[in-house]
Amino acid sequence: MKWAVVVFPGSNCDEDAAQAVRETTGDVVDLVWHDATDLSEYDAIILPGGFSYGDYLRSGAIARFSPAVEAVRREAGAGKLVLGICNGFQVLTESHLLPGALLRNNHLQFRCEMVELVVDNNTSPFTRAYQLGERIQIPIAHGEGRFHADPETVEDLRKRGRIAFRYAHSPNGSVADIAGILGEGGNVLGLMPHPERAIVDWMGSVDGRRLFQSMHQYVEEGLADARANA
Amino acid sequence: MREPTPEQIRDERVYRSLGLTDAEYELVVEKLGRLPNYVEAGIFGVLWSEHCSYKSSKVHLRRFPTSGPQVLQGPGENAGVVDIGDGMAVAFKMESHNHPSAVEPYQGAATGVGGILRDIFTMGARPVAFLDSLRFGPLDDGRTRYLFSEVVAGIGGYGNCVGIPTVGGEVQFSPTYRGNPLVNAMCVGILPADGIVRGTATGVGNPVFVVGARTGRDGIHGATFASAEDPEEKERSAVQVGDPFLGKLLMEACLELIASGAVVGIQDMGAAGLTSSSAEMASRAGGGLEMILDRVPVREEGMTPYEMMLSESQERMLVVLERGREHVAFAIFQRYGLEVADIGRVTDDGRLRLIWHGEVVADMPVAALVDEAPVYERPIALPSEPERVDIPASLPAREAWLAVLSHPSVADKRFVYRQYDTMVRAQTVMGPGSDAALVKVPGMDKAIAMATDGNSRYVALNPRRGGQIAVAEAVRNLATAGAKPLAITNCLNFGNPEKPEIMRQLSDAIDGMAEACKALDTPVVSGNVSLYNESRGVDIQPTPVVGAIGVIDGIAKRLQSAPTRERAAAGLDLWLLGREDDSLEGTLYGELVCGRPVGDAPYIDLAEERRLHDLLQAIAGTRAAAAAHDVTEGGVAAAVAEMMIQCGAGGEIDIPAGMSQLGWLFSEAQGRAVVAVLPEGAEDLARLAAAFAVPLRKLGRLVASEKVAVRQAGDMVVEIPLAALRDAYEHAIPMALRAGTAGASA
């Protein structure tokens, strides 16, 4: 399978995400500049962490107007996997590919540390390699990671199993301790923690590996089915 | 408003307001052979400022060792470069941003980070880490809490956004910094050993470009501002405003441009902006530059040549390209949406010539601006003898232990570093909270070790020995992590050099640092001097801050500063490497009891120090030890407590018979480390310690217990729950800040 990592001016976790994919799946990864208008050749697209366009207006608010995000919208609609990490999650909510919004942390500070997450869904293309209720260690690094949505939306997310990860101890005041959510079709995931920073032993955790491996496995099975049917 | 004429500048002594003394002005007239106009006088004023010319410190800085087989680039360039083997090199430098941070802490700190970042990528290096060394007054003061919070936020604001992890540094608190905080930022970058780019303007006729941000009226005279006056009187308008987003784009574009091979020379526009960058580039090449100022992109209309030359607008670079390859630069900068303007040419006449509206508005010999700037041998006071003081044992061991751990200089700095992105780039092997930070070289089983240190109490009490200790502590941090030390950078933060006693501190501290650099084989490859750190006429304690760099081949060899919870719970022995000492001179204990630094600086012997560093590296190689932590502020008591708190295990400590209990617990004698070792590793450890002639004694053990007991000859000295030590250590800074908030709202 083939991956794209979209690079906005101000993205700064693009290389980290690409490296994590190569390390965990051995797949081909392209870094794609934000002016790309066609991403149809990719099976999975990552919107990486960072400060796209400086995040000067509001995190992710300008990136949503970039040609690449228009292309991401099309591919998401076509069922391709889209993973938004940190700033990428903010871009996805700003683009309405995911509901809710990410507000300033309740303590008003940037926060970077290893946190414990609870896996709330293990049937999605992103989480199938985890156990339901499993506790995993993944670092966070954000100033605006407090997930917010109206109570009906949160209830809906919960009922439909679209809350992928919850914080065991919320570091930012997110509603319902939400750390990551799935889109309606299940093929879009946005999460504030950085799985690409939990890949090898010396990083302090390897719990991020299975997220990329889940995506790889899901796509490869789909490709195998397609070949079998062809 | 019309600019003063050359005659007015002379007759009305306008040059004084531009930072020139009467004698310096006379020298300018002599060098030019005529009276300088306003632009020229302004340019001389800023280039001959203390900040740019190092005129008071230069004669002393020459005593630093600066060479060695590992040194690829010593002082004089934008940053120093050392060889880390396997074809790779590390560029690094530390710089102060004290004066701006005292006035406008968020932007002062942010632009300090942005400035040092540009110095590193200018060398052709990919920046991979920041470290910050900070000094503030006590947190019971409202303004200090504001400065502290905003400086930390500013460092994070810039560093987090440009995507380079802040992996280390230190924060210390002392009344000496109440009116004059210190903000020293260090950046480290990786480059191929044969890929160094220098800031030289060579090749007659080659075009000169200004790239990045437009030039505005911000920061005019920032460099002269940093070289005199009291922070109380400084204006916020002289402080620049940073734009990390632009800084990130500029970094990526410049690295891409350098990789294209079209760059002849490149220089950051830091202090004194266009003036210092152009003069320094021409000076290094031994040539000249001609610049047409009408072509400089400006932020506002009506900017004069004087303002353009002295602006310190951030995120700008001066680049000399190979003639005929300009299109390469245009394509790259356009892709990043950055402005680029061709503003002049390299010449061979040795002059800096500025043209505006078709007229020559300044024409000065480059040599006079840079190489022939005044150098002062300022008067030096006689050395003063350290005072002899009896330090009363008025604080009992248990209370002293809690007081030391809750002193904000020793206490947990999580409040600070969790506001920094410490892991972006995904190469951080060991981050803040460790003795040294380790950042992996991508794709190699090799990491760069880095640490900063500098304790002004020791330097105030004994400048020479304090200088030795500043280097020894920083370098020891690397060895404690198992790395081989290679070189250092430094920031020399001192008071007013016009006072002979301050020059004595500076001169002696430099001697001490130079001695330690020689003994530890860590030459000085870059650095910065910040003088006039004073407030209301009172100078700060002399504060040389050292940034040390080393390398570890094989990251599995690294030593953590505390064992893992599991290994500690299984039981580990604690050993003291280095001498037993029970002197309280120069200690934090002494300062807590007497209310000021007292006695002489702590013991140090550079030969013993070197043997300890060699031993620590050998221990890391054999994996006899589960963890190592050096003994510094707060003594063995603080070192052992920090290890216990980190690994969550209590334990037992044994004070040798005949030693003063308080003295042994809190002595800050140098050249020592505590190592945690598996019981079966004792033999290996003893053999290695003997081989390196380092004294060794089992001082206790870690056990899976919530209790900590200190005994001497079987008698209980202190018994305390681990939780009490942890609370003191972890809550000190958050509580000091909360108490302040409550007080403010009351």
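Residues numbered from 1 in each chain as written. Chains lettered and ligands numbered in written order. Predicted model: local features only at pLDDT ≥ 70, side-chain atom pairs only at ≥ 80, totals over all residues. Heavy atoms only, no water.

Caption draft 1: Region of interest: the interface of chain A and chain B. Each partner contributes residues to the interface: chain A has 23 residues there, and chain B has 27 residues. Summed over both partners, the interface of chain A with chain B buries about 2100 Å², with 61% contributed by carbon and sulfur atoms. Summed over the shared surface of chain A and chain B, the result is two salt bridges. We note a salt bridge from A:Arg197 to B:Asp421, for which the minimum N-O separation is 2.9 Å. Seen at the junction of chain A and chain B, the total is eight residue pairs in polar contact (both at pLDDT 80 or more). (Contact = heavy atoms within 4.5 Å. Buried area = accessible area lost by both parts, 1.4 Å probe. Salt bridge = Lys/Arg side-chain N within 4 Å of Asp/Glu carboxyl O. Polar contact = N/O pair within 3.5 Å; in protein donor to acceptor, adjacent residues only side chain to side chain.)

Caption draft 2: How the structure looks around the pattern of salt bridges. Per the stated rule, a full pass over the model turns up 63 salt bridges over all chains. For A:Glu155, the salt bridge identified is with A:Arg158, shortest N-O distance 3.5 Å. Here the residue A:Glu155 and the residue A:Arg158 both occupy positions in helix H4 (residues 151–159), the gap between them amounting to three residues, near one helical turn. A residue is classified by how much of its surface remains accessible, and A:Glu155, at 35% relative accessible area, is partly exposed. Of the charged contacts in the structure, one is a salt bridge between B:Lys499 and B:Asp539, with a shortest N-O distance of 2.5 Å. Linking B:Lys499 in the loop between strand E17 (484–493) and helix H19 (500–520) with B:Asp539 in strand E20 (residues 538–539), this pair joins segments that are 40 residues apart in sequence. For B:Lys499, a relative accessible area of 21% gives the class partly exposed. Owing to a relative accessible area of 16%, B:Asp539 belongs among the buried residues under this scheme. (Helix = DSSP H or I, 4+ residues; strand = E, 2+ residues; numbered from the N terminus. Buried < 20%, exposed > 50% of the residue type's maximum accessible area, 1.4 Å probe, protein only.)

Caption draft 3: Broad picture of the packing of aromatic side chains. Counted by the stated rule, this structure contains 15 aromatic pairs over all chains. Taking the centre distance of 6.4 Å and the plane angle of 55° together, the rings of A:Trp3 and A:Phe212 count as tilted. In this pair, A:Trp3 sits in strand E1 (residues 2–7) while A:Phe212 sits in helix H5 (residues 209–229), placing the two residues 209 residues apart along the sequence. The buried category is assigned to A:Trp3, whose relative accessible area is 0%. Ring plane angle 50° and centroid distance 6.1 Å describe the contact between A:Phe8 and A:Tyr53, whose orientation is recorded as tilted. Of this pair, A:Phe8 sits in the loop between E1 and helix H1 (14–25) while A:Tyr53 sits in the loop between strand E3 (44–47) and helix H2 (67–77), placing them 45 residues apart in sequence. Through a chain of ring-to-ring contacts, the aromatic side chains of B:Phe136, B:Phe148, B:Phe173 and B:Phe415 assemble into a single cluster. The side chain of B:Arg335 reaches across the aromatic face of A:Trp33, ending 5.0 Å from its centre. Taking NZ or CZ as reference, B:Arg579 lies 3.6 Å from the ring centre of B:Tyr603, over its face. (Phe/Tyr/Trp six-rings, centres within 6.5 Å; stacked < 30°, edge-to-face > 60°. Lys NZ or Arg CZ within 6 Å of the ring centre and 35° of its normal.)

Caption draft 4: Quick look at the UniProt feature "active site" (unreviewed entry) in chain B. All names here are of chain B. The sites that carry the UniProt feature "active site" (unreviewed entry) are, in the present numbering, His51 and His97. Their sequence span is 47 residues, while the largest C-alpha to C-alpha distance among them is just 10.9 Å; these annotated residues converge on one region. Assignment of secondary structure puts histidine 51 in helix H4 (residues 50–53). One can find histidine 97 in the loop between strand E3 (88–96) and helix H6 (98–103). For histidine 97, a relative accessible area of 17% corresponds to the buried category. (UniProt positions renumbered as here; feature names shortened; annotations may be inferred.)

Caption draft 5: Structural context of the domain arrangement of chain B. The domain architecture assigned to chain B consists of domain 1 (6–50) and domain 2 (560–746). Domain 1 of chain B and domain 2 of chain B are separated by 56 Å when their C-alpha centres are compared. (Domains from an automatic or database assignment.)

Caption draft 6: Looking closely at the pairing of strand E2 (residues 80–85) of chain B. Residues and elements named next belong to chain B. Pairing between strand E1 (residues 71–73) and E2: two bridges, direction antiparallel. When the sheet's bridge partners are listed, valine 71 is paired in E2 with valine 82. Note that E2 and E3 share five bridges and pair antiparallel. Bridge assignment links aspartate 83 to a residue of E3, and that residue is alanine 89. Hairpin remark: E2 followed by E3, antiparallel, with two residues in the connecting loop; positive phi at aspartate 86, about 55°. (Pairing = 2+ DSSP bridges.)

Caption draft 7: Focus on the UniProt feature "binding site: Mg(2+) 2" (unreviewed entry) in chain B. Residue and element names in this part refer to chain B. According to UniProt, the "binding site: Mg(2+) 2" (unreviewed entry) feature falls on Asp119 and Asp268. Sequence-wise these annotated residues cover 150 residues; spatially they are packed, their C-alpha atoms never more than 6.2 Å apart. With respect to the helices and strands, aspartate 119 occurs in helix H7 (residues 105–121). Exposure remark for aspartate 119: the relative accessible area of 5% places this residue in the buried category. Setting aside residues no more than four positions away along its own chain, aspartate 119 makes contact with Asn78, Ala79, Lys93, Glu95 and Asp268.

Caption draft 8: Focus on the environment of B:Arg126. All names here are of chain B. By secondary structure assignment, the location of arginine 126 is in strand E4 (residues 126–136). Arginine 126 gets classed as partly exposed once you look at its relative accessible area, which sits at 28%. A sequence separation of 64 residues divides arginine 126 from isoleucine 190, and the C-alpha atoms of the two residues are 5.2 Å apart.

Caption draft 9: Representation of the UniProt feature "active site" (unreviewed entry) in chain A in the model. All names here are of chain A. Here the UniProt feature "active site" (unreviewed entry) sits at Cys86, His194 and Glu196. Taken together, the annotated residues stretch across 111 residues yet fold into one region, lying no more than 11.0 Å apart by C-alpha. Among the residues examined, histidine 194 registers a relative accessible area of 1% and is labelled buried. Excluding residues that lie within four positions of it along the chain, histidine 194 makes contacts with Cys13, Gly49, Ile85, Cys86, Ile138, Pro139, Ile140 and Ala141.

Caption draft 10: Region of interest: the side chain of B:Asp218. Residues and elements named next belong to chain B. Summarising the element assignment, aspartate 218 is placed in the loop between strand E7 (207–212) and helix H9 (222–225). At a separation of 2.4 Å, a polar atom in the side chain of aspartate 218 contacts the side chain of serine 313. Among all residues touching aspartate 218, those that are not within four sequence positions of it are Gln240, Val241, Arg299, Ser311, Glu312 and Ser313.

Caption draft 11: Just the pairing of strand E12 (residues 351–356) of chain B, in detail. Residues and elements named next belong to chain B. Alignment of strand E9 (residues 288–292) against E12, held across four bridges, turns out to be parallel. Paired with methionine 291 across the bridge in E12 is leucine 354. The pairing of E12 with strand E13 (residues 359–365) spans six bridges and is classified as antiparallel. Paired with isoleucine 355 across the bridge in E13 is valine 360. Here E12 folds back onto E13 in antiparallel fashion, the turn holding two residues, of which histidine 357 has a positive phi close to 55°.

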